[in-house]
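Residues per chain, in single letters:
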Amino acid sequence: MPHKVTLIPGDGIGSEITGAVVRIIEAAGVDIEWESYIAGAEALSRFGDPLPTDVLESIKRNKVALKGPLTTPVGTGFASVNVRLRKTLDLYANLRPVSNLPGLITPFPDVDLVVVRENTEDLYSGLEHIVVPGVVESLKIITEKASTRIARFAFEYARSEGRKKVTAIHKANIMKLSDGLFLDCFRKVATEYPDIQADDKIVDNACMQLVMKPQQFDILLLENLYGDIISDLAAGLVGGLGVVPGANIGELGSVFEAVHGSAPDIAGKNLANPTAMLQSAVMMLRHLGERSAADLIARAIIYTLDEKKIRTRDLGGTAHTTEYTEAVVHSMQELSA
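Residues take numbers from 1 onward in each chain, read along the sequence in its written order. Whole-chain, interface and lining totals are the exception, using all residues; otherwise, since this is a predicted model, local features are given only for residues with pLDDT of at least 70 and side-chain atom pairs are given and counted only at 80 or more. To get the side-chain values, take all heavy atoms of the structure and skip hydrogens and water.

Engineer: Sorry, what's going on with the overall build of the chain here?
Structural biologist: Put simply, DSSP marks the helices as runs of H or I at least four residues long and the strands as runs of E at least two long, and each gets a number from the N terminus on. The helix and strand inventory of the chain stands at 11 helices and 12 strands. Taken over the C-alpha trace, the chain has a radius of gyration of 20 Å; the compact-globule value for 337 residues is 20 Å, and the two agree within 12%. Each principal axis of the C-alpha atoms in the chain carries an extent, and together these give about 55 × 50 × 40 Å. Within the chain, the proportion of its 337 residues that are buried is 53%. Areas reported as accessible are Shrake-Rupley estimates using a 1.4 Å probe. Residue values count occlusion only from the protein chains shown. A total accessible area of about 14,700 Å² is found for the chain, and carbon and sulfur atoms account for 54% of it. Of the charged side chains in the chain, 34 are positive and 43 negative; the average position of the first set lies 2 Å away from that of the second. The size measure is the radius of gyration over C-alpha atoms, and the globule rule it meets is 2.2 Å times the number of residues to the 0.38 power. Categorising residues by exposure relies on relative accessible area from a 1.4 Å probe, with only protein chains included: less than 20% of the type maximum marks a residue as buried, more than 50% marks it as exposed, and the intermediate range marks it as partly exposed. The sign given to each residue is positive for Lys and Arg and negative for Asp and Glu; His and the chain ends receive no count. In this description, the location of a charge corresponds to atom NZ of lysine, CZ of arginine, CG of aspartate or CD of glutamate.

See the structure below:
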């Protein structure tokens, strides 16, 4: 039986990189029936809503989606589709594995960490209003339920993946009630997992430690806003957002996505790097139980970048999107021979 997966190409370079990933997955021999839907700026212009109901219904039905980047207007315009998607489907866990890719020169070697971010509340939810002209209030909501749920997700992930330590990142020295609650929930959950080391760091210190010695971290557990910032910081340690994957996990489904922007300046020019989207698809395939195909694609990415030295321009190479895509397909064929 083929897998049914919702496909959201996205804005800007989205259609180019999702097209590349679909091509590679098909070449790997995975039978997927794609249900493709428009979301974001194009959906707003065509349907009056950047996140049409049929997109949500498809994800609920299929339980799995692969999503390209969606443009979020800065300061004006419609609310973030990414935030709406996570809140509507209760995709409570944002998962960002961050590790070095062989062949890419980066500031630090041997980085291998995972950012686990609570995805549904905190300041990042965008609950804000005008009190009086010139005064805006934003609400930071932290609940015991969400904090406990994401802490348990982090420890379960650590156990299933053979990870040794979970570090909670917070600002409980100042926000004693909100971040204090998050930290207290983490510590309570940690007692249920005596086989996994648990510690915590204040967020500003954690940022400094990440850019001094990132190898000390294994799994980082964060509230929504801190997680958004630190996950991008961590990506910068291994080559940037163009090479790291992302996933949003919930009870109603899971959405795997490229975490970078829609790059409208290079859209349609065959210059986009599909590696981050492809790495996210590898996570998706493992989630679907297609581990052999996922492992083959993961090996082919490394072989293409490291052995063949075929890279897109953002990674210091000259390959166009289609050239890089075909190189990964050929790498899979060589590795399977």
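Engineer: Honestly, the packing of aromatic side chains in this entry has me stumped. Any pointers?
Structural biologist: Given two aromatic rings, one states the distance between the centres and the angle between the planes to describe the pair. Here is the rule: rings of Phe, Tyr and Trp (six-membered ring for Trp) pair when centre to centre is within 6.5 Å. Planes less than 30 degrees apart are stacked, more than 60 are edge-to-face, and the remainder are tilted. Considering all chains together, one arrives at 4 aromatic pairs under this definition. A centroid spacing of 6.0 Å and a plane angle of 85 degrees characterise the contact between Tyr92 and Phe153, whose relative ring orientation is edge-to-face. One end of the pair, Tyr92, is in the loop between helix 4 (81-88) and strand 4 (93-99); the other, Phe153, is in helix 5 (residues 144-160), and 61 residues separate them in sequence. Accessibility expressed as a relative area gives 8% for Tyr92, which makes it buried. With relative accessibility at 16%, the residue Phe153 sits in the buried group. Judged by centre distance (5.2 Å) and plane angle (15 degrees), the ring pair of Phe155 and Tyr193 falls under stacked. Pair noted here: Phe155 is in helix 5 and Tyr193 is in the loop between helix 6 (178-190) and strand 9 (197-202), with a separation of 38 residues, a long-range link. Like Tyr193, Phe155 is buried.

Engineer: Whenever I open this one, unusual backbone geometry confuses me. Can you help?
Structural biologist: Peptide bonds are trans in most cases, and residues, glycine excluded, mostly fall at negative phi. In the Ramachandran plot, Lys63 falls in the positive-phi region, its phi being about 75 degrees despite a non-glycine side chain. For Lys63, the location among the structural elements is in the loop between helix 3 (53-62) and strand 3 (64-67). Positioned with a positive phi, Asp110 is a non-glycine residue whose angle comes to about 60 degrees. The topology assignment puts Asp110 in the loop between strand 4 and strand 5 (112-118).

Engineer: Explanation requested: the packing of helix 1 (residues 14-27) against helix 11 (residues 321-336) in the structure shown.
Structural biologist: Two numbers describe a pair of packed helices, the interaxial angle and the distance between the axes. Two elements in contact, helix 1 and helix 11, have axes separated by 10 Å at closest approach and are oriented at 15 degrees. When the axes of helix 1 and helix 11 are compared, the pair comes out roughly parallel. Considering how the two elements wind past one another, helix 1 and helix 11 form a crossing that is right-handed. On the side of helix 1, the interface is formed by Glu16, Ala20, Arg23, Ile24 and Ala27, while helix 11 contributes Thr321, Thr325, Glu326, Val328, Val329 and Met332. Its residues placed into classes, the contact of helix 1 with helix 11 shows 6 nonpolar, 2 polar and 3 charged. Where helices are involved, their axes are fitted lines through C-alpha atoms of the stretch in contact, as for all axes, and angles between N-to-C directions lie from 0 to 180°. Roughly parallel refers to an angle under 35 degrees, roughly antiparallel to one over 145, roughly perpendicular to one between 65 and 115, and oblique to any angle outside these ranges. In a left-handed crossing the near helix is turned counterclockwise from the far helix by less than a right angle, and in a right-handed crossing that turn is clockwise. Only heavy atoms matter for contacts: two residues are in contact if any of them lie within 4.5 Å across the pair. Note on residue categories: nonpolar means Ala, Val, Leu, Ile, Met, Phe, Trp, Tyr, Cys or Pro, charged means Asp, Glu, Lys or Arg, and polar means any other residue, Gly included.

Engineer: I keep staring at the pairing of strand 7 (residues 135-138) and nothing clicks. Help me out?
Structural biologist: It is a general feature of regular strands that their side chains alternate between the two faces of the sheet. With 4 bridges connecting them, strand 6 (residues 128-132) and strand 7 associate as antiparallel partners. Residue pairing in the sheet places Ile130 in a bridge with Val136 of strand 7. Here, strands pair whenever DSSP counts at least two bridges between them. Following strand 6, the chain reverses through 2 residues before pairing antiparallel with strand 7; Gly134 in that reversal takes a positive phi of roughly 90 degrees.

Engineer: Looking at this structure, how should I read the side chain of Thr120?
Structural biologist: By the element assignment, Thr120 lies in the loop between strand 5 and strand 6. The buried category is assigned to Thr120, whose relative accessible area is 17%. Pairs of N or O atoms are called polar contacts if they sit within 3.5 Å, as long as, within protein, a hydrogen donor faces a hydrogen acceptor (for residues adjacent in sequence, only side-chain-to-side-chain pairs). Of note is the side chain of Thr120, whose polar atom sits 2.6 Å from the side chain of Glu118. In this view, Thr120 contacts Lys87, Asp90, Leu91, Tyr92, Ser125, Ala146, Arg149 and Asn224; residues no more than four positions away in its chain are not counted.

Engineer: Explanation requested: the pattern of salt bridges in the structure shown.
Structural biologist: When the charged atoms of two side chains lie near each other, side chains of opposite charge can form a pair. The salt bridge criterion pairs a side-chain nitrogen of Lys or Arg with a carboxyl oxygen of Asp or Glu, the two atoms within 4 Å. Counted under the stated rule, the structure contains 23 salt bridges. A salt bridge links Arg149 to Asp90, with the nearest nitrogen and oxygen atoms 2.9 Å apart. Here Arg149, found in helix 5, pairs with Asp90, found in the loop between helix 4 and strand 4; they are 59 residues apart in sequence, far enough to count as distant. Via salt bridges that share partners, Asp122, Lys140, Asp179 and Glu223 belong to a single interconnected network.

Engineer: I'm lost on the environment of Lys60 in this one. Help?
Structural biologist: Here Lys60 lies in helix 3. Take Lys60: its relative accessible area is 32%, and that puts it in the partly exposed class. For Lys60 and Glu307, which are 247 residues apart along the polypeptide, the C-alpha to C-alpha distance reads 41 Å.

Engineer: Looking at this structure, how should I read helix 5?
Structural biologist: Three or four residues apart is the spacing at which side chains of an α-helix point the same way, because the helix has 3.6 residues per turn. A rise of 1.5 Å per residue sets the reference length of helix 5, with its 17 residues, at 24 Å; its end C-alpha atoms lie 24 Å apart and thus fit the reference within 8%. Buried residues of helix 5: Ala146, Ser147, Thr148, Ile150, Ala151, Phe153, Ala154, Phe155, Tyr157 and Ala158, and no others. The first or second residue beyond helix 5 is Gly162, which carries a positive phi of 70 degrees. The span expected for a helix works out to 1.5 Å for each residue beyond the first.

Engineer: I'm lost on the sheet that holds strand 9 in this one. Help?
Structural biologist: By way of backbone hydrogen bonds, the strands of a sheet pair with one another, either parallel or antiparallel. Reading across the sheet, the 10 strands line up as 2-1-3-12-11-4-5-10-8-9 and stay open at both edges, with mixed pairing between neighbours. Each edge of the open sheet is held by one strand with a lone partner, namely strand 2 (32-36) and strand 9. Within this sheet the neighbouring strands show an average axis-to-axis angle of 25 degrees, counted without direction. Across 3 bridges, the pairing between strand 4 and strand 11 (residues 245-249) is antiparallel. Residue pairing for strand 11: Ala93 is matched across the bridge by Ile249. Its contacts with the sheet put helix 1 on strand 1 (3-8), strand 2, strand 3 and strand 12 (254-258), and the angle it makes with strand 2 is roughly 165 degrees. Along the sheet face, helix 4 touches strand 3, strand 4, strand 5, strand 11 and strand 12 and points at about 160 degrees away from the line of strand 12.

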